[in-house]
Amino acid sequence: MTPSVRDHSIRSRRPASRLALLALAALGLAACTTPRTPTALPTLDGKPPLVVAHRGASGQLPEETLEAYARAIELGADVIEMDLLSTQDGVLVTRHDPNLMISTDVARHPEFASRKKTMQVDGETQTGWFVQDFTLAELKTLGAISTDAERPQQFNGRFKVPTFQEVIDLAKAKSRETGRTIAIYPETKNPTWFRDLGLPLEDKLIAILEAAGWNSRTAPVYVQSFEPGSLKTMKAKGLKTKLIQLIDGDGIDMRTGAMTYAVPVDRPYEWTQTGDRRNFDVMVTPAGLAEIATYADGIGPWKRYIVSVKGTIGADGKPVDINADGKINDADATSTVPTTLVADAHRAGLFVHPFTFRNESRRLARDYQGDPKNEYLAFYRLGVDGVFTDFTDTALAARAAWLKETGR
Ligand SMILES: [Ca+2]
Ligand SMILES: [Ca+2]
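Because the structure is a prediction, the values reported are computed rather than measured.

Caption draft 1: Layout of the coordination of the calcium ion (ligand 1). Only Glu81 (OE), Asp83 (OD) and Glu187 (OE) from the protein reach the calcium ion (ligand 1) as donors, at distances of 2.2 to 2.3 Å. All donor residues of the calcium ion (ligand 1) come from one chain, and their arrangement in sequence is E-x1-D-x103-E. Placement of the pair is Asp83 in strand β2 (residues 79-86) and Glu187 in strand β6 (residues 183-188), with a sequence separation of 104 residues. With relative accessibility at 4%, the residue Glu187 sits in the buried group.

Below, the structure written as structure tokens:
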């Protein structure tokens, strides 16, 4: 769906002008002017939810590459999402993890063998090759790889790591080419950690958006972070785009459906550094949402804060492997009753973009019956304002079905 079509659906709910009605009545066609009135959409602004291509078309191609972003746009994404890291020479590039072993073929480059090391990232000990030890020129010699063994591997090593600027240029070129507005959704990744390395992300992000002519409320830009301090810093330094507070968690206790917390996704790393022991869950309380509304426009919660899952517990006290595949995962669990988070956030004036929607059957609760569209439908009906998805085409197909359901 294009923004213009979305606008049209809003306009169509307004009463027809009196002049138009009179003209049609005069023609004896008045009966034809009373089509079924669509029900109001439960989103914050009444518009259809945004489909945000999480790391590009990451279900199909190595994530956060120009190719993955171009594919997502081709599939119809409204927004492309990217994580920003800094190279040694201070260039913002799009990668999810500072540890390049996760998403590139760096381990196959003998010339960089000596740079392998062990260090802490947001309190978690990792071994690998790290982005801040590579110049942009060096990074450009690496190939991106799939981060998920269940997904296509045949493109590994073929695409490069893009700079943030290259992705902006792509979004603008594709907007011109398609006539749609392709928005971007950059995340300051590990911002405190990068600041401690002497490579802060915030000033560079603002400067790049400013130069792109995109530092405004109406720009097609959503800036996100798990760290409130990063968002507040950028706002104080003059960033005017929409801002989104991300809210994480580690896992779900299959016995209760409750969120569990563990390093490094228990709390914003800046809180850990200052001795604040609270977890992310304080952000979803009415007080937490009111605090977020003082500096942000929306929240990006893990979807389990809206609909969780719960397993079946056997006589031995352990979750039952319902589908008998030898593994315990979401396919052995059932969705729990939705929380009030969407309504609570909307009441605080915040939009809600939950993450991350994926097609793999092991990642779908049993009640979705193996069809990922059923999960999107459940969340669209609850009024979410957008979804982060690895599979843009599935999210769009489900949105089309839901809009039809609402009479559009
Ligand atoms: Ca991200
Ligand atoms: Ca199972």
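Caption draft 2: Unusual backbone geometry, seen in detail. The residue after Val263, namely Pro264, is reached through a cis peptide bond having omega 5°. Counting through the fold element by element, Pro264 comes out in the loop between β10 (259-260) and α9 (269-273). Here the amide bond leading from Phe355 into Thr356 is cis, since omega sits at -25°, within 30 degrees of zero. Counting through the fold element by element, Thr356 comes out in the loop between β14 (351-352) and α12 (372-381).

Caption draft 3: Highlighting the coordination of the calcium ion (ligand 2). Around the calcium ion (ligand 2), the protein supplies Asp321 (OD), Asn323 (OD1), Asp325 (OD), Lys327 (O), Asp332 (OD) and Asp332 (OD) as donor atoms, at distances of 2.2 to 2.6 Å. For the calcium ion (ligand 2), the six donor atoms in the first shell make angles of 52 to 164° at the metal, a pattern classed as irregular. Mapped onto the sequence, the residues coordinating the calcium ion (ligand 2) show the spacing D-x1-N-x1-D-x1-K-x4-D.

Caption draft 4: Here's a closer look at empty space enclosed by the protein. Inspection of every chain in the model, using the stated rule, returns one cavity of 30 Å³ or more. Size it by volume and the largest cavity reaches roughly 60 Å³. Forming the boundary of the largest cavity are Ser58, Gly59, Gln60, Leu61, Pro62, Glu63, Ser146, Thr147, Asp148, Arg151 and Pro152.

Caption draft 5: Structural view of the packing of aromatic side chains. Throughout the structure, instances matching the rule amount to 13 aromatic pairs. Aromatic side chains Trp193 and Phe194 sit 5.0 Å apart centroid to centroid with 85° between the ring planes, which places their arrangement in the edge-to-face category. Neither Trp193 nor Phe194 differs from the other in exposure class; each is buried. Between the aromatic rings of Phe226 and Phe280, the centroid separation amounts to 5.9 Å while the plane-to-plane angle is 65°, which identifies the pairing as edge-to-face. Of this pair, Phe226 sits in the loop between β7 (222-225) and α8 (228-236) while Phe280 is found in the loop between α9 and α10 (286-292), placing the two residues 54 residues apart along the sequence.

Caption draft 6: Seen up close, the nonpolar core. If you look at the biggest cluster of nonpolar residues, it comprises 103 residues, and the most contacted ones within it are Ile80, Phe164, Ile184, Leu209, Trp214, Ile299 and Tyr380. Discounting chain neighbours no more than four positions away, the residues touching Tyr380 are Pro42, Pro49, Val51, Val387, Ala395, Ala398, Arg399 and Trp402.

Caption draft 7: Seen up close, the environment of Gly386. In this structure, Gly386 sits in strand β15 (residues 386-389). Taking the relative accessible area as the measure of exposure, Gly386 reaches 0% and is therefore buried. As for Gly386 and Ala296, which are separated by 90 residues in sequence, their C-alpha atoms are 16 Å apart. Those residues in contact with Gly386 that lie beyond four places of it in its chain are Pro49, Leu50, Val352, His353 and Pro354.

Caption draft 8: Spotlight on α12. All buried positions along α12 are accounted for by Pro372, Glu375, Tyr376, Leu377, Phe379 and Tyr380. Buried residues along α12 sit against β1 (50-53), β15 and α13 (392-405). Between a side-chain oxygen at the N-terminus of α12 and the backbone nitrogen of Lys373 the separation is 2.9 Å; the capping residue is Asp371.

Cut-off values and rules
- Residues numbered from 1 in each chain as written.
- Chains lettered and ligands numbered in written order.
- Predicted model: local features only at pLDDT ≥ 70, side-chain atom pairs only at ≥ 80, totals over all residues.
- Heavy atoms only, no water.
- Donors = N, O, S within 2.8 Å, 3.2 Å for Na, K, Ca; no water.
- Helix = DSSP H or I, 4+ residues; strand = E, 2+ residues; numbered from the N terminus.
- Buried < 20%, exposed > 50% of the residue type's maximum accessible area, 1.4 Å probe, protein only.
- Tetrahedral: all angles 85-135°; square planar, octahedral: opposite > 155°, others 65-115°.
- 1 Å grid on protein atoms, 1.4 Å probe; cavity = no way out; pocket = protein on both sides within 12 Å on 5 of 7 lines; lining within 4 Å.
- Points joined across faces, edges and corners; volume = space filled by probe spheres on them.
- Phe/Tyr/Trp six-rings, centres within 6.5 Å; stacked < 30°, edge-to-face > 60°.
- Core = buried A, V, L, I, M, F, W, Y, C linked by side-chain atoms within 4.5 Å.
- Contact = heavy atoms within 4.5 Å.
- Polar contact = N/O pair within 3.5 Å; in protein donor to acceptor, adjacent residues only side chain to side chain.

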